[in-house]
There are 2 protein chains.
Amino acid sequence: MKTVFSPAHARHHPHHEISDGTLKPAVEIPSRAEMVLAAIEAAGLGEILPPEPIDRALLERIHDPAYVAFLETVWDAHRAAGRAEDEAFPFVWPTPGLRPDRAPRHLDGRMGFYSFDAGTPLTAGTFEAALASASVAVTGAGLIAAGERSAFALCRPPGHHAMADRYGGYCFFNNAALAAERLVADGRRVAILDVDYHHGNGTQAIFYDRGDVHVVSIHADPDDEYPYFLGHADEIGEGHGEGANLNLPLALGADWPVWSQALEIALGSIERHRPDAVVVSLGLDPYEADPISHFRLTSDDFSRLGARLGRIECPVLFVLEGGYAVEALGANCAAVLTAFEGG
Amino acid sequence: MKTVFSPAHARHHPHHEISDGTLKPAVEIPSRAEMVLAAIEAAGLGEILPPEPIDRALLERIHDPAYVAFLETVWDAHRAAGRAEDEAFPFVWPTPGLRPDRAPRHLDGRMGFYSFDAGTPLTAGTFEAALASASVAVTGAGLIAAGERSAFALCRPPGHHAMADRYGGYCFFNNAALAAERLVADGRRVAILDVDYHHGNGTQAIFYDRGDVHVVSIHADPDDEYPYFLGHADEIGEGHGEGANLNLPLALGADWPVWSQALEIALGSIERHRPDAVVVSLGLDPYEADPISHFRLTSDDFSRLGARLGRIECPVLFVLEGGYAVEALGANCAAVLTAFEGG
């Protein structure tokens, strides 16, 4: 399996995040990608390729051009405002009762307008890293379009929380959605299987009214877990997308027997959609030792997951999402991918 | 002029806030109220009274009972979650595209569901302080109802950003709205004049579809200032409230000549409403030396403001809102109130 990777991910290097009620050390950090890269190199997974530059028109079919322009210019605005901090957080959002229709002029207003959380710092290199991550995903999709049976987009920052016009959950561009869109452009029917511990609210929202991309997610019940405000079982899509969104929220503490039942339901749903390609949003945070998550998959379970995904009959693109147990992250990721390959 | 004050304000004692892109020392701190109290005592403004307990039914006519219950129990939930920090911040909100209709079970989800910013920490004593502040405002309204020509509700925490079911902007209960509701219950037509530097988004939203409370606000243009997502000139009320909301947003840097023109427009609008009582949301942050604001009123201008308000023909209740230049806050507040009294 070929891997696509860009060292530009390290341009996004946050030090803090706001979560669990307070300011904490960041967990979405460059060593995550480095650990995964080292593990797949050690496992001999296959060739590692750089990404091709992303087509801006494709980027702007998934993301609002005004949002893309915001991310491209926000750090210059931060500097122009005389701010010396090396990371920036929004602090007010257009929640219900406030106006969702006007992007303010002010930097803080714009940060809130284009985000939905306070846990996702902007840094000097965020745009470059996010663009590289999106390019990695789309290049991976290109490998599938060119006939590969599988590919691994080693994306960082992750993408599945990013909405068409809002960042959050450590995500800026929705890498999996962009990859899916690239495959749709290739004439394929696409399914996205999101196995990250957290619901991929961005992916769901982006395709919610579309029938050509089937979105299935296994995740912690949003009543109990981030992102809290999307990912319930009654969200089934709307309009052309009605029936093309499937959420499988699980109670905290889910282990492989529980989790793998949801996986079979997910794969059954995907099979009925008859996709020509599957994009797997590969979060490794269902892992039992993940520092911010509460599922109980073991490293062996990740091998089981990979082996099961290897029985999907159409090409599969893996897109790296979350996973914060840095020491084990690489091994668990490699376990999925090598087991997929039959290793 | 009688003043209502409760020392319970000091139970809300935050140390930090998130603003201007980063975690900073809190500016909405107990010394604010102490400075104001000392200044009005020094000025001999009049008797200082404790508040009467607030009528819960009145509180729940302005605020969603579920929101009141959330504020009442959130610190116990914080402790029950094993959190040791002495202040708590939400970190994700139901922005557009996320679901506004389901309060999550989880503490962090609930904090986001019931707030709109990250700049307003919850602390152990927040509910008691906020309830006392609301009681101060309503007791002040009771003085007007009992026939006083004027009264001063020395409220802290402030209130005008608090919405029916969301806290933010250092505000938890909307003191001015509760005072107005108390006067409405007394059969009065009420106008609220909000002179705080920041738009009173909560006050506007609470009365937006009501014709019995006329809301007029002079504030920094929300394109350039917090709260960014409400306070534009085109927000005129709706339904029964159409025409009963007037926003006078001003460019940053406004000084007395500019500001006082807006004041005349505001007072003209209020006069046409023919109120039986006026509630003044008295923010002192239009002050030239306020650390987080960008208007240019001088201490003399606050005397001019007080003298002008003294010409309002119906009873006036002053409700303290913002103002963060702690050293000058008391003097500027006393300047308004003594000039109102003709001093």
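See the structure shown above.
One structure accompanies this document, and this report is about it.

**Here's the deal with the overall build of chain A**
From N to C terminus, chain A includes 10 helices and 10 strands. Compactness check: chain A gives a C-alpha radius of gyration of 18 Å against a globular reference of 20 Å for 343 residues, within 12% of the reference. Here the C-alpha coordinates of chain A stretch approximately 55 × 45 × 40 Å along the principal axes. Counting only residues that meet the buried cut, chain A has 64% of its 343 residues in that class. For chain A, restricting intrachain contacts to residue pairs at least 6 apart in sequence, the fraction spanning at least 24 positions comes to 77%. Of the accessible surface of chain A, which amounts to about 11200 Å², a share of 51% is contributed by carbon and sulfur atoms. Distance between charge centres in chain A, computed from 25 positive and 48 negative side chains, equals 4 Å.

**Things to note about the packing of aromatic side chains**
Centre distance and the angle of the planes are the two values used to describe a pair of aromatic rings. All names here are of chain A. What the rule picks out here adds up to 33 aromatic pairs over all chains. Ring geometry for Tyr170 and Tyr324: centres 5.5 Å apart, planes at 70°, overall edge-to-face. Of this pair, Tyr170 sits in the loop between β5 (150-153) and α6 (175-185) while Tyr324 sits in the loop between β10 (316-320) and α10 (326-340); the two residues are 154 residues apart in sequence, bridging distant segments of the chain. Here Tyr170 and Tyr324 have matching classes, each one buried.

**Looking at the packing of helix α1 (residues 30-42) of chain B against helix α10 (residues 326-340) of chain B**
Residue and element names in this part refer to chain B. Following both chains from N to C, one finds α1 and α10 inclined at 45°, their axes separated by 8 Å at the closest point. Between α1 and α10, the crossing angle belongs to the class labelled oblique. The hand of the α1/α10 crossing is right-handed. Facing Ser31, Arg32, Met35, Val36, Ala39 and Ile40 of α1, the residues of α10 in contact are Val326, Glu327, Leu329, Gly330, Ala331, Cys333, Ala334 and Leu337. The residue inventory of the contact of α1 with α10, partitioned by class, reads 10 nonpolar, 2 polar and 2 charged.

**Digging into the state of the cysteines**
In this structure the tally under the stated criterion is 0 disulfides over all chains. Of the cysteine sulfurs around Cys314(A), a residue in no disulfide, the closest is that of Cys155(A), at 19 Å. With no disulfide of its own, Cys333(B) lies 11 Å from the sulfur of Cys155(B), the closest cysteine sulfur. For Cys333(B), a relative accessible area of 0% translates into the label buried.

**So, the pattern of salt bridges**
Evaluation of the coordinates by the stated rule reveals 40 salt bridges over all chains. Between Asp165(B) and Arg166(B) there is a salt bridge, with the nearest N and O atoms lying 3.8 Å from each other. By relative accessible area, which is 27% here, Asp165(B) ends up partly exposed. Several salt bridges converge on common partners, so that one network encompasses Arg102(A), Arg105(A), Asp221(B), Asp223(B) and Asp224(B).

**Brief notes about the interface of chain B and chain A**
With 52 residues of chain B at the interface, the matching set in chain A holds 52 residues. Approximately 4500 Å² of surface area, both sides summed, lies buried where chain B meets chain A, with 61% of it carried by carbon and sulfur atoms. The three residues of chain B that bury the most area against chain A are Phe91(B), Arg99(B) and Phe229(B), which together make up 18% of that side's buried surface. Between chain B and chain A we count 12 salt bridges in total.

**Some words on the environment of Val278(B)**
Residue and element names in this part refer to chain B. Note on placement: Val278 falls in strand β9 (residues 277-282). The class for Val278 is buried, based on a relative accessible area of 1%. Along the primary structure Val278 and Arg189 are separated by 89 residues, whereas in three dimensions their C-alpha atoms are 8.7 Å apart. Setting aside anything within four residues of it in sequence, one finds Val278 in contact with Ala191, Leu193, Ile270, Ile312, Cys314, Pro315, Val316 and Leu317.

**So, the relation of the copies chain B and chain A**
For the match of chain B to chain A, the screw axis carries a shift of 0.0 Å, the RMSD comes to 0.0 Å, and the turn is 180°. Look at the turn and shift together and you get a two-fold axis relating the two. Across chain B, the smallest distance between a C-alpha and the rotation axis is recorded for Thr95(B), namely 2.4 Å. A symmetric contact is evident, with 100% of the interface residues of chain B recurring at the interface of chain A.

**A closer look at the pairing of β10(A)**
All names here are of chain A. A large share of β10 lies buried, amounting to 5 of its 5 residues. Side-chain alternation along β10 places Val316, Phe318 and Leu320 on one buried face and Leu317 and Val319 on a second face that is also buried. Bridging between β5 and β10 involves 4 bridges; their strand directions are parallel. Residue Ala153 lies in a different strand from β10, and its bridge partner there is Val319. Pairing analysis gives 5 bridges linking strand β9 (residues 277-282) to β10, with the strands arranged parallel. Counterpart to Val280 in the pairing with β10 is Phe318. For the crossover from β9 across helix α9 (residues 299-309) to β10, the handedness is right-handed.

**Section: the sheet that holds strand β4 (residues 48-49) of chain A**
Residues and elements named next belong to chain A. Read from one edge to the other, the open sheet built from 8 strands follows the order β4-β1-β5-β10-β9-β6-β7-β8, with strand pairing classed as parallel. Across the chains shown, the open sheet's two edge strands, defined by having one partner strand only, are β4 and β8 (245-250). Pairing of strand β6 (residues 190-194) with β9 involves 5 bridges; the strand directions are parallel. By the bridge assignment, Ala191 is partnered in β9 with Val278.

**Some thoughts on the sheet that holds strand β8 (residues 245-250) of chain B**
All names here are of chain B. In space, the 8 strands of this open sheet follow the order β4-β1-β5-β10-β9-β6-β7-β8, with parallel pairing throughout. Unpaired on one side and paired on the other, β4 (48-49) and β8 mark the two borders of the sheet. On the sheet, helix α8 (residues 256-273) packs against β6 (190-194), β7 (213-220), β8 and β9 and is oriented at approximately 175° with respect to β7. Packed on one face of the sheet, α10 meets β5 (150-153), β9 and β10 (316-320) and runs near 175° to β10.

**Describing the side chain of Asp223(A)**
By the secondary structure assignment, Asp223(A) is in the loop between β7 (213-220) and β8. When sequence neighbours within four positions are dropped, the list of residues in contact with Asp223(A) reads His232(A), Arg102(B), Ala103(B), Pro104(B), Arg105(B) and His106(B).

**Some details on unusual backbone geometry**
Residues and elements named next belong to chain A. Cis geometry is adopted by the peptide bond preceding Pro157, which originates at Arg156 and carries an omega value of -5°. Relative to the elements of secondary structure, Pro157 occurs in the loop between β5 and α6. Here the residue pair Tyr226 and Pro227 is connected by a cis peptide bond, since its omega of 5° sits within 30 degrees of zero. On the secondary structure map, Pro227 appears in the loop between β7 and β8.

**Comments concerning the pairing of β6(B)**
Residue and element names in this part refer to chain B. Counted residue by residue, β6 has 5 buried out of 5 residues, so it is predominantly covered. Residues Val190, Ile192 and Asp194 of β6 are buried on one face, and the alternating residues Ala191 and Leu193, pointing to the opposite face, are buried as well. Here 5 bridges tie β6 to β7, and the two strands are oriented parallel to one another. Its bridge partner lying in β7, Ala191 is registered against His214. With helix α7 (residues 201-207) bridging β6 and the parallel β7, this β-α-β connection has right-handed handedness.

Reading the values: the criteria
- Residues numbered from 1 in each chain as written.
- Chains lettered and ligands numbered in written order.
- Predicted model: local features only at pLDDT ≥ 70, side-chain atom pairs only at ≥ 80, totals over all residues.
- Heavy atoms only, no water.
- Helix = DSSP H or I, 4+ residues; strand = E, 2+ residues; numbered from the N terminus.
- Rg over C-alpha atoms; globule rule 2.2 N^0.38 Å.
- Buried < 20%, exposed > 50% of the residue type's maximum accessible area, 1.4 Å probe, protein only.
- Contact = heavy atoms within 4.5 Å.
- Areas by Shrake-Rupley, 256 points an atom, 1.4 Å probe, with all protein chains shown as cover.
- Lys, Arg positive; Asp, Glu negative; His and termini not counted.
- Charge placed at Lys NZ, Arg CZ, Asp CG, Glu CD.
- Phe/Tyr/Trp six-rings, centres within 6.5 Å; stacked < 30°, edge-to-face > 60°.
- Axes fitted to C-alpha atoms, helices over the stretch in contact; angles between N-to-C directions.
- Parallel < 35°, antiparallel > 145°, perpendicular 65-115°, else oblique.
- Left-handed = near helix turned anticlockwise from the far one by under 90°.
- Nonpolar A, V, L, I, M, F, W, Y, C, P; charged D, E, K, R; others polar.
- Disulfide = S-S within 2.5 Å.
- Salt bridge = Lys/Arg side-chain N within 4 Å of Asp/Glu carboxyl O.
- Buried area = accessible area lost by both parts, 1.4 Å probe.
- Least-squares fit on C-alpha atoms with pLDDT ≥ 70 in both.
- Pairing = 2+ DSSP bridges.
- Right-handed = clockwise from strand over helix to strand, strands pointing away.

Shape descriptors only; they carry no functional weight alone.
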